[in-house]
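Listed below, chain by chain, are the residues.
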Amino acid sequence: MPSKSQMPEWMKKKQQEMRLSKATEKDAERRKLAAALLIQSESPEFWKLLLDNLKLAVEAIATIELAGSYSSIGLNAVRISMNHPDLFASQTHTDLFLETGRIRCTTLGVGAYNLDFHVISETEVGVLDKHKGGSPMNADQASEYVIRRMVDFIERQRRTAG
């Protein structure tokens, strides 16, 4: 094997590129592991904050002429129900399930979607509906997202019924 001084310049550059690529891959793996650990440790707290925000939203829903309820339907699972008091058929509910790496949501009349956990900062996680795009949401924004989907559905029902 020739000494480094005898090696052609393009091969020296290629060696440097290969070392940099390996270091970059290792760094990416470390960041991915750190993100997974942060999500694992912070997702229960995010879930708790989300549920608190959803409870507050349900308590205040009458201010926009809707009725709602919040109920636990199992371990790490809740149901948010909503209806317009004047229209029998104008109702929906969303079931939310905390799972590893995501919150699975199923809304009657709207369909299913996932709120996938993402790292927002070195100490904070958020969720993102990858089908909608945008930036990860904090617990307050995620609560609004869930509730708005339900309100929008009921408003569409009201327009078609009236």
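The structure this text deals with has already been given above.
Residues numbered from 1 in each chain as written. Predicted model: local features only at pLDDT ≥ 70, side-chain atom pairs only at ≥ 80, totals over all residues. Heavy atoms only, no water.

Draft legend 1. Representation of the overall build of the protein within the structure. Across its full length, the protein holds two helices and six strands. Along its sequence from the N terminus, the protein presents helices and strands in the succession α-β-β-β-β-β-β-α. Taking 15 Å as the expected radius of gyration for a compact globule of 162 residues, we find that the protein reaches 24 Å, considerably beyond that expectation. In the protein, which comprises 162 residues, the share counted as buried stands at 31%. (Helix = DSSP H or I, 4+ residues; strand = E, 2+ residues; numbered from the N terminus. Rg over C-alpha atoms; globule rule 2.2 N^0.38 Å. Buried < 20%, exposed > 50% of the residue type's maximum accessible area, 1.4 Å probe, protein only.)

Draft legend 2. Looking closely at the nonpolar core. Of all hydrophobic cores here, the largest spans 31 residues; its most connected members are Phe46, Leu50, Leu96, Ile103 and Leu115. Those elements giving two or more residues to this core turn out to be helix H1 (9–60), strand S2 (77–83), strand S3 (91–99), strand S4 (102–107), strand S5 (111–119), strand S6 (125–128) and helix H2 (139–161). (Core = buried A, V, L, I, M, F, W, Y, C linked by side-chain atoms within 4.5 Å.)

Draft legend 3. Expanded view of the pattern of salt bridges. Overall, the coordinates contain seven salt bridges when judged by the stated rule. Residue Lys12 is joined to Glu9 by a salt bridge in which the shortest nitrogen-to-oxygen separation is 3.3 Å. Of this pair, Lys12 and Glu9 are both found in helix H1, three residues apart, which corresponds to roughly one turn of the helix. Here Glu99 ties to Arg102 by a salt bridge, and the two come within 2.6 Å at their closest N and O atoms. (Salt bridge = Lys/Arg side-chain N within 4 Å of Asp/Glu carboxyl O.)

Draft legend 4. Structural view of the packing of aromatic side chains. Scanning all chains against the criterion turns up two aromatic pairs. Between Tyr113 and Tyr145 the ring centres are 5.9 Å apart and the planes differ by 85 degrees, which places this aromatic pair in the edge-to-face class. Pair noted here: Tyr113 is in strand S5 and Tyr145 is in helix H2, with a separation of 32 residues, a long-range link. Across the pair, Tyr145 and Tyr113 agree in class, each one buried. Between the NZ or CZ atom of Arg104 and the centre of the ring of Phe97, over which it lies, the distance is 4.3 Å. Over the face of the ring belonging to Tyr113 we find Arg149, whose NZ or CZ atom lies 3.8 Å from the ring centre. (Phe/Tyr/Trp six-rings, centres within 6.5 Å; stacked < 30°, edge-to-face > 60°. Lys NZ or Arg CZ within 6 Å of the ring centre and 35° of its normal.)

Draft legend 5. Inspection of the sheet that holds strand S1 (residues 67–74) at higher detail. Across the sheet, which stays open at both edges, the six strands sit in the order S1-S2-S3-S4-S5-S6 with antiparallel pairing between neighbours. Since the sheet does not close on itself, it has two edges, and those belong to S1 and S6, each with one partner. Across this sheet, the average inter-strand angle for adjacent strands is 20 degrees, counted without regard to direction. Bridging between S5 and S6 involves four bridges; their strand directions are antiparallel. Each bridged residue has a counterpart across the sheet, and for Asp116 the counterpart in S6 is Leu128. (Pairing = 2+ DSSP bridges. Axes fitted to C-alpha atoms, helices over the stretch in contact; angles between N-to-C directions.)

Draft legend 6. Quick peek at the side chain of His84. Relative to the elements of secondary structure, His84 occurs in the loop between S2 and S3. Residue His84 is classed as buried on the basis of its relative accessible area of 6%. Look past the residues within four positions of His84 in its chain and what remains in contact with it is Glu65, Leu66, Ser90, Ile154 and Arg158. (Contact = heavy atoms within 4.5 Å.)

Draft legend 7. Looking closely at the environment of Arg149. Here Arg149 shows up in helix H2. The class for Arg149 is buried, based on a relative accessible area of 16%. A C-alpha to C-alpha distance of 22 Å links Arg149 and Val125, two positions 24 residues apart in sequence. Once residues lying within four places of it in the same chain are set aside, the contact partners of Arg149 are Val110, Tyr113, Asp129 and Lys132.

Draft legend 8. Spotlight on H1. If you look at H1, its biggest bend is around 45 degrees, right at Glu42, and the proline Pro44 turns up within four residues after that. Along H1, the residues classified as buried are Leu38, Ile39, Ser43, Phe46, Trp47, Leu50, Leu51, Asn53, Leu54 and Val58. (Bend = angle between axes of the 7 residues up to and from the residue.)

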